[in-house]
Amino acid sequence: MSTAIATQATKATRLTEAIREQSPFGEVFSDHMLTAEYGDGRWGAPQLFPFGPRPLSPAASALHYGQSIFEGFKAHRTVDAGVALFRPADNLARLNRSAARLAMPPVPPMLLLDGITALVRLDREWTPVREGGALYIRPLYFAIDEALVVRPSRRYRFVVMTSPVGAYFSEPVRLVAEERFVRAFPGGTGDVKPSGNYAGALLAAQQAQTIGFHNVLWLDGVEHRFVEESGLMNIVFVVAGVAVTPALSGTILPGITRDSVLTLLRDMGVRVEERAIAIEEIVNAHDAGTLTEAFGVGTAATVAPVATIRYRDRDLTLSAGAPEAVGWRVRCLLEAIRTGREPYRHGWLVRV
Ligand SMILES: Cc1ncc(COP(=O)(O)O)c(C=O)c1O
């Protein structure tokens, strides 16, 4: 049962069927947003406002020193005409792990879950109906102290916006193994979601795109040898029928989709190994014919088959997305759970 949240509703919705079903990923926002501010050692009451700009000083410390974190998860239409959030508590727990790492105060769970539930309930008609569509939920939490002093801010703003989305990738993914730039390193912030992680990864992705790839296959920051993530997703390889994925070593984001997919693979009777994977092992498995699939896993793309991995002078080509493929089967099962077609499993759905 959620607590009532002060609401200033818009008088004129911007929603049309075309906007809901055809907008490019993450470029259109629903009518409302949730906001709350922290100052003087405590949180103010959350409020729902029409989506739009709010004043921000150019001195806001998030802009200078990067105390800014975010999350991303989805609400789906369910077969019984409802709307449900997928594993929100896991994302919100990760948000507070990110907050702790950046010396930011935790966001109270009530504010997170009740506020987001109220927001999605208010804008539930923005949830796409099309197959694979979802209402993407973006919590953002950043420092607003107006002082050019490097220290944890005393004031913060928490905002949640939502956006109707469809598929993230329209084709199998091409990745190039990255040996110069690193996404994360031991003791850094690779296992949480500060905005700065994404800024630091842009150049590598941009350079991969100029040579015809979607993104990079990140390698570890010490030896540049062990596979970590694929662009903005975790990665799973299928080697001799075993699903192998990098272990959560502290430099990898613990993806909620990764956890869901590994759970479902185990349910499906597929053996799962979470361990260190050297890039040479992938090359050797490819050459031996035992590497049958690779797929990225993340909220935006769910399960994205990988078509090509470039490593130095080699292009490893993989068959991507066949209906009998492990990745395809787990993707279908995940989608069926998210939409309530498959009876609720593991308590992952929270109805709004
Ligand atoms: C770097 C990175 N890895 C992995 C993921 C996948 O995480 P999740 O499944 O929770 O979306 C994301 C997306 O949040 C990400 O940004």
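Presented here is an overview of the structure given in this document.

1. Some points on unusual backbone geometry
Here is step 1 of the chain: Positioned with a positive phi, Ala81 is a non-glycine residue whose angle comes to about 70 degrees.
Here is step 2 of the chain: Assignment of secondary structure puts Ala81 in the loop between β6 (73-77) and β7 (83-86).
Here is step 3 of the chain: For Ala81, a relative accessible area of 61% gives the class exposed.
Here is step 4 of the chain: The phi dihedral of His224 falls on the positive side, at around 55 degrees, and the residue is not glycine.
Here is step 5 of the chain: By secondary structure assignment, the location of His224 is in the loop between β11 (215-219) and β12 (227-230).

2. Re the site of the ligand
Here is step 1 of the chain: The local shell around the ligand holds 15 residues, among which Lys193, Tyr198, Glu229, Thr257 and Thr299 are the closest.
Here is step 2 of the chain: Taking Tyr198, its side chain carries an N or O atom lying 2.5 Å from an oxygen atom of the ligand.
Here is step 3 of the chain: Between Thr299 and the ligand, the recorded distance is 2.6 Å, taken from a side-chain N or O atom to an oxygen atom.
Here is step 4 of the chain: Within the complex, 95% of the 380 Å² of free accessible area of the ligand lies under protein.
Here is step 5 of the chain: At the level of secondary structure, the elements contributing two or more residues to the shell around the ligand comprise α6 (256-267) and β16 (291-298).

3. Focus on the packing of α6 against helix α8 (residues 326-338)
Here is step 1 of the chain: At a minimum axis distance of 10 Å, the contact between α6 and α8 shows a crossing angle of 105 degrees. The angle between α6 and α8 falls in the class roughly perpendicular. Side by side, α6 and α8 meet where Thr257, Ser260, Val261, Leu264 and Leu265 of the first sit next to Val326, Val330, Leu333, Leu334 and Ile337 of the second.

4. Points about α6
Here is step 1 of the chain: Its 12 residues give α6 an end-to-end C-alpha distance of 17 Å, which sits within 8% of 16 Å, the value for a rise of 1.5 Å per residue.
Here is step 2 of the chain: Looking only at α6, the buried set comprises Ile256, Thr257, Arg258, Ser260, Val261, Leu262, Leu264 and Leu265.
Here is step 3 of the chain: Two residues or fewer past α6, Gly269 is found with a positive phi of approximately 90 degrees.

Parameters and conventions
- Residues numbered from 1 in each chain as written.
- Predicted model: local features only at pLDDT ≥ 70, side-chain atom pairs only at ≥ 80, totals over all residues.
- Heavy atoms only, no water.
- Helix = DSSP H or I, 4+ residues; strand = E, 2+ residues; numbered from the N terminus.
- Buried < 20%, exposed > 50% of the residue type's maximum accessible area, 1.4 Å probe, protein only.
- Near = heavy atom within 4 Å.
- Polar contact = N/O pair within 3.5 Å; in protein donor to acceptor, adjacent residues only side chain to side chain.
- Areas by Shrake-Rupley, 256 points an atom, 1.4 Å probe, with all protein chains shown as cover.
- Axes fitted to C-alpha atoms, helices over the stretch in contact; angles between N-to-C directions.
- Parallel < 35°, antiparallel > 145°, perpendicular 65-115°, else oblique.
- Contact = heavy atoms within 4.5 Å.
- Expected span 1.5 Å × (residues − 1).

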